[in-house]
Amino acid sequence: MIKLIFKFSLSVFLFIFLVISNLNAEILKDFKITGNNRVNSETIKIFSGVSKGDNLTTEDLNNIFKELYDTQFFKNVSLKFENSILIIDVVENPIVQNLVIQGIKNKDLKKELEKVISTKEKNPFIENKLEYDINNIKNLIQEIGYYFSKVELLKKDNSNNTVDLVFKIDLGKKAFIKEINFVGNKKYKKRKLLNIITSEEDRFWKFI
């Protein structure tokens, strides 16, 4: 009797498992790509990480969604899996056509600013990176003494799904330290401590 119950339970379990598996996995027979202009359909298929004949599950769709967003080529992605066809609809990010830094005459400083700006020419334009770039610019120019600087971003949308960006920088007046006082020091002379501070500053600011 126990053996019969065990066999019956096992059969029910296998039946349920097969039903669930069939519901959660389906063979991919074809792709349908819509909304793309610059990125061709074959490239999008490669970005998806799946191929015809693959068994797709809900987890696979989540991975495809993530893979496409991680390319940074798209600001919107939607997926549908209907009748074994994977429908991928995308909205492409514009491309940065020109990026200009205005207000900086010092070539070395300009090179340092270009390094801290994550947005680059000929790359996809990611709007939520702009605040990060502006903060990086402010931090760098404040570190060299321009505490009253201003950074303004000018953006121009072009007709060919590209943008032109201008980081307009007003350095303002440079701040200077008039005097340094050391409190609580008993072991070292003031002159020695000042020499240490000066030597450390020279290492960092020598590019200016």
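Residues numbered from 1 in each chain as written. Predicted model: local features only at pLDDT ≥ 70, side-chain atom pairs only at ≥ 80, totals over all residues. Heavy atoms only, no water.

What follows covers the overall build of the chain. For the chain, the helix and strand inventory stands at 6 helices and 8 strands. When the helices and strands of the chain are listed from N to C terminus, the series reads α-β-β-α-β-α-β-β-β-α-α-β-β-α. Across the 208 residues of the chain, 27% fall into the buried class. In the chain, of all internal contacts separated by at least 6 residues, the share reaching a separation of at least 24 is 56%. Summed over its atoms, the accessible surface of the chain is roughly 15100 Å², and 54% of this surface lies on carbon and sulfur atoms. (Helix = DSSP H or I, 4+ residues; strand = E, 2+ residues; numbered from the N terminus. Buried < 20%, exposed > 50% of the residue type's maximum accessible area, 1.4 Å probe, protein only. Contact = heavy atoms within 4.5 Å. Areas by Shrake-Rupley, 256 points an atom, 1.4 Å probe, with all protein chains shown as cover.)

Now for the nonpolar core. One finds Leu113, Ile137 and Ile169 to be the most contacted residues of the largest nonpolar core, which totals 21 residues. In terms of residue count, the dominant contributor to this core is helix 5 (residues 130-143) (5 residues). Here leucine 113 is in contact with Ile101, Ile104, Ile137, Leu140, Ile141 and Ile169, once residues within four sequence places are set aside. Ranked by size, the runner-up nonpolar core spans 14 residues in total, among them Leu28, Ile33, Val50 and Val90. (Core = buried A, V, L, I, M, F, W, Y, C linked by side-chain atoms within 4.5 Å.)

Okay, the sheet that holds strand 7 (residues 150-157) next. Reading across from one edge, 6-8-7 is the order of the 3 strands in this open sheet, with mixed pairing throughout. Pairing within the sheet leaves two strands with one partner each, and these edge strands are strand 6 (95-102) and strand 7. Within the sheet, the average angular offset between the axes of one strand and its neighbour, ignoring direction, is 15°. In this structure, strand 7 lies alongside strand 8 (residues 162-170), joined through 8 bridges in antiparallel fashion. Its bridge partner being in strand 8, leucine 154 is matched across the sheet by valine 166. (Pairing = 2+ DSSP bridges. Axes fitted to C-alpha atoms, helices over the stretch in contact; angles between N-to-C directions.)

Now for the side chain of threonine 162. You can see threonine 162 is positioned in strand 8. Within the structure, the side chain of threonine 162 is placed 3.3 Å from the side chain of glutamine 97, a separation counted as a polar contact. Beyond its immediate chain neighbours, meaning those up to four positions away, threonine 162 contacts Pro94, Ile95, Gln97, Lys156 and Asp157. (Polar contact = N/O pair within 3.5 Å; in protein donor to acceptor, adjacent residues only side chain to side chain.)

For the rest of this paragraph, the subject is the sheet that holds strand 2 (residues 30-34). Read across the sheet, 3 strands follow the order 2-5-4 without closing on themselves; strand pairing throughout is mixed. Each edge of the sheet is formed by a strand with only one pairing partner; in this case those strands are strand 2 and strand 4 (74-82). Adjacent strand axes in the sheet meet at a mean angle of 15° when their direction is disregarded. Along the sheet, helix 3 (residues 58-70) contacts strand 4 and strand 5 (85-92); its crossing angle with strand 4, the most-contacted strand, is approximately 155°.

Here we come to the packing of helix 2 (residues 41-48) against helix 3. Their axes nearest at 8 Å, the elements helix 2 and helix 3 cross at an angle of 120°. When the interaxial angle is binned, helix 2 and helix 3 end up oblique. Along its contact with helix 2, which presents Ile44, Phe47 and Ser48, the element helix 3 presents Ile64, Glu67 and Leu68. Of the residues that constitute the contact of helix 2 with helix 3, the class distribution is 4 nonpolar, 1 polar and 1 charged. (Parallel < 35°, antiparallel > 145°, perpendicular 65-115°, else oblique. Nonpolar A, V, L, I, M, F, W, Y, C, P; charged D, E, K, R; others polar.)

Attention shifts here to the pattern of salt bridges. Here the structure, examined in full by the defined rule, presents 6 salt bridges. Of the charged contacts in the structure, one is a salt bridge between lysine 115 and glutamate 112, with a shortest N-O distance of 3.5 Å. Linking lysine 115 with glutamate 112, this pair stays in helix 4 (residues 107-116), spanning 3 residues, or about one helical turn. Glutamate 112 sits in the partly exposed class, given a relative accessible area of 24%. With a closest N to O distance of 2.7 Å, lysine 155 and aspartate 157 form a salt bridge. Classification of lysine 155 as partly exposed rests on a relative accessible area of 36%. Residue classification places aspartate 157 among the exposed residues on the basis of a relative accessible area of 55%. (Salt bridge = Lys/Arg side-chain N within 4 Å of Asp/Glu carboxyl O.)

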